[in-house]
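Report on the structure
Listed below are the residues making up each chain.
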Amino acid sequence: MKELGYYNGRIGELSEMTVPMNDRACWFGDGVYDAEMVRNRRLFALDEHVDRFFRSAAALRIVMPVTKEELKKLLNELVQKTESGNLFAYYQVTRGGGPRNHVFPEGPGHLWVTLTPREVNEGKTPVDAVTAEDTRFFHCDIKTINLIPSVMASQKAKEAGCHECILYRPGGRITECSHSNIHILKDGVLRTAPTDHLILPGIARARMIGICGELQIPVDETPFSITDLMQADEVIATSSSNLCVRIKTVDGQAVGMKAPELYEAIRSAVLAQYYRETDIPAAR
Ligand code: PLP
């Protein structure tokens, strides 16, 4: 299969898979998801992603149809079925199906998985970004499939020829981006928003903080503003498929690009960890 779709036990070519119209994804966008890179048919940071997936589901009281171990087994089996072993693995659970009724239906959720070919962005080319007010709800730590503000922000970035849209709350606090976390380097310190309810606790973010620990780069998890961002030495976006990407302009103004060695030390360590953990194990 080129692109695989899975829905509640059915498996097929993604474009040919169908789902019932009464799935609560269709009525309310009532579900949560997670997503990660796969290289050499090895799911990167699988435990961290599955833990977050279950936390998101629990926060919305969605009943999981599988245990964590069953889900990991299923994902590992599905990645064997695609032509390419380098993939983006996306999975979501929706709150079951039934008549359109806001209150919860009985029973377990519906499990969806998609696998599509993708290579990680190595972050060697700096990118441009725009900004937009963060108009999302106040539970951004839950990875829900309801993503309209992020969709609008992403489109704004695309129409400006940019890679990402950086979001700020009234008052100027930077939260994150439409589909990435955002960080700055200033005077040798990595500054990143705290993992409160205004951001998604990104797995790539957590991995980068771990790498900074190894490289003895101090990390400051206090909120920063758009002014801090414009004056930063480097501006970095992270996500599962764009593990460490350098931003060179924001709203058309030059930013960052002033600590190339520090940025490169972080980027190369992040990428090295990804390649190491997704290498084909050496034959004995
Ligand atoms: N923030 C938002 C809003 C996201 O949608 C994502 C990824 O989907 C991230 C941050 C990055 O999270 P991760 O590093 O786990 O991919």
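Residues numbered from 1 in each chain as written. Predicted model: local features only at pLDDT ≥ 70, side-chain atom pairs only at ≥ 80, totals over all residues. Heavy atoms only, no water.

1. Regarding the domain arrangement of the protein
Put simply, an interface is often sized by how much accessible area is lost when its parts join up. Rule in force here: What counts as a domain boundary in this text is fixed by an automatic or database domain assignment. Residues count as neighbours in contact if any of their non-hydrogen atoms are within 4.5 Å of one another. Accessible area that two parts lose when put together, with a 1.4 Å probe and added across both, is what the buried area reports. The salt bridge definition used is simple: a Lys or Arg side-chain nitrogen within 4 Å of an Asp or Glu carboxyl oxygen. Pairs of N or O atoms within 3.5 Å make up the polar contacts considered here, provided that, within protein, one atom can donate a hydrogen while the other can accept it, and that residues adjacent in sequence are counted only when both atoms are side-chain atoms. Only DSSP runs of H or I with at least four residues qualify as helices, and only runs of E with at least two residues qualify as strands; both kinds are numbered from the N terminus onward. Each residue is assigned to one of three groups, with Ala, Val, Leu, Ile, Met, Phe, Trp, Tyr, Cys and Pro labelled nonpolar, Asp, Glu, Lys and Arg labelled charged, and all others, Gly among them, labelled polar.
Its domain assignment divides the protein into domain 1 (4–117) and domain 2 (127–275). Each partner contributes to the interface: domain 1 provides 25 residues, whereas domain 2 provides 17 residues. Together, the buried faces of domain 1 and domain 2 total about 1,800 Å²; carbon and sulfur atoms form 64% of this surface. On the domain 1 side of the interface with domain 2, the three residues burying the most area are Tyr33, Phe44 and Arg52, jointly 37% of the side's total. At the surface where domain 1 touches domain 2, the tally comes to one salt bridge. The closest approach of N and O atoms between arginine 207 and glutamate 48, which form a salt bridge, is 2.7 Å. In this assembly, domain 1 and domain 2 are joined by eight residue pairs in polar contact (both at pLDDT 80 or more). At the level of elements, helix 1 (24–28), strand 3 (31–39), helix 2 (46–59) and strand 5 (87–94) are the ones that each hand at least two residues to the side of domain 1 that touches domain 2. For the side of domain 1 that touches domain 2, the element with the most residues is strand 3, which contributes nine residues. Residues of the side of domain 1 that touches domain 2, tallied by class, amount to 13 nonpolar, six polar and six charged.

2. Here's the deal with the nonpolar core
Stated formally: As used in this record, nonpolar core signifies buried Ala, Val, Leu, Ile, Met, Phe, Trp, Tyr and Cys residues forming a set joined through side-chain atoms within 4.5 Å. The buried label goes to any residue with under 20% of its type's maximum accessible area, the exposed label to any with over 50%, and the partly exposed label to all in between, with areas taken from a 1.4 Å probe on protein chains only.
In terms of nonpolar packing, the biggest core is built from 26 residues, with Phe53, Leu71, Val113 and Leu115 touching the most fellow members. The leading source of residues in this core is helix 2, at five residues. Not counting residues within four places of it along the chain, the set of residues in contact with leucine 115 comprises Lys2, Glu3, Leu4, Leu78, Val79, Thr82, Leu87, Phe88 and Ala89. By size, the runner-up hydrophobic cluster in this structure holds 24 residues, among which are Met37, Phe44, Val120 and Leu190.

3. Description of helix 2
Working note: α-helix, 3.6 residues per turn, so residues spaced by three or four point in the same direction. Condition: Multiplying 1.5 Å by the helix residue count minus one yields the expected span of that helix.
An ideal rise of 1.5 Å per residue puts 20 Å on 14 residues; helix 2 measures up with 20 Å between its terminal C-alpha atoms. Every buried residue of helix 2 is listed here: Leu46, His49, Val50, Arg52, Phe53, Phe54, Ser56 and Ala57. Arginine 61, located one to two residues past helix 2, shows a positive phi value of around 55 degrees.

4. Let's talk about the site of the ligand
To be explicit about the condition: Only heavy atoms are used to decide nearness, and a residue is near a molecule or strand if one of them lies within 4 Å of it. Shrake-Rupley sampling with a 1.4 Å probe provides the accessible areas, and residues are treated as covered by the protein chains on show and by no other component.
The local shell around the ligand holds 18 residues, among which Arg52, Lys143, Glu176, Ile203 and Ser240 are the closest. One of the side-chain N or O atoms of glutamate 176 is found 2.6 Å from a nitrogen atom in the ligand. With respect to the ligand, the side chain of serine 240 contributes an N or O atom lying 2.7 Å from an oxygen atom. For the ligand, whose free accessible area comes to 390 Å², the fraction covered by protein is 91%. Looking at which domains feed residues into the shell around the ligand, each of domain 1 (4–117) and domain 2 (127–275) gives three or more.

5. A short note on the packing of helix 2 against helix 3 (residues 68–78)
If you want to describe how two helices pack, look at the angle between their axes and the distance between the axes. To keep it simple, the criterion reads: Axes, fitted as lines to C-alpha atoms, cover a helix only where it is in contact. Angles between the N-to-C directions of the axes lie from 0 to 180 degrees. Every angle not falling under 35 degrees, over 145, or within 65 to 115 is termed oblique; those three ranges are roughly parallel, roughly antiparallel and roughly perpendicular. A crossing counts as left-handed when the near helix is turned anticlockwise from the far one by less than a right angle, and as right-handed when that turn is clockwise.
At a closest axis distance of 11 Å, the pairing of helix 2 and helix 3 adopts a crossing angle of 125 degrees. Relative to helix 3, the element helix 2 lies oblique. Viewed along their axes, helix 2 and helix 3 form a crossing whose handedness is right-handed. Of the residues in helix 3, those touching helix 2 at Leu46, Asp47, Val50, Asp51, Phe53 and Phe54 are Lys68, Leu71, Lys72, Leu75 and Asn76. Tallied by class, the residues present in the contact of helix 2 with helix 3 amount to six nonpolar, one polar and four charged.

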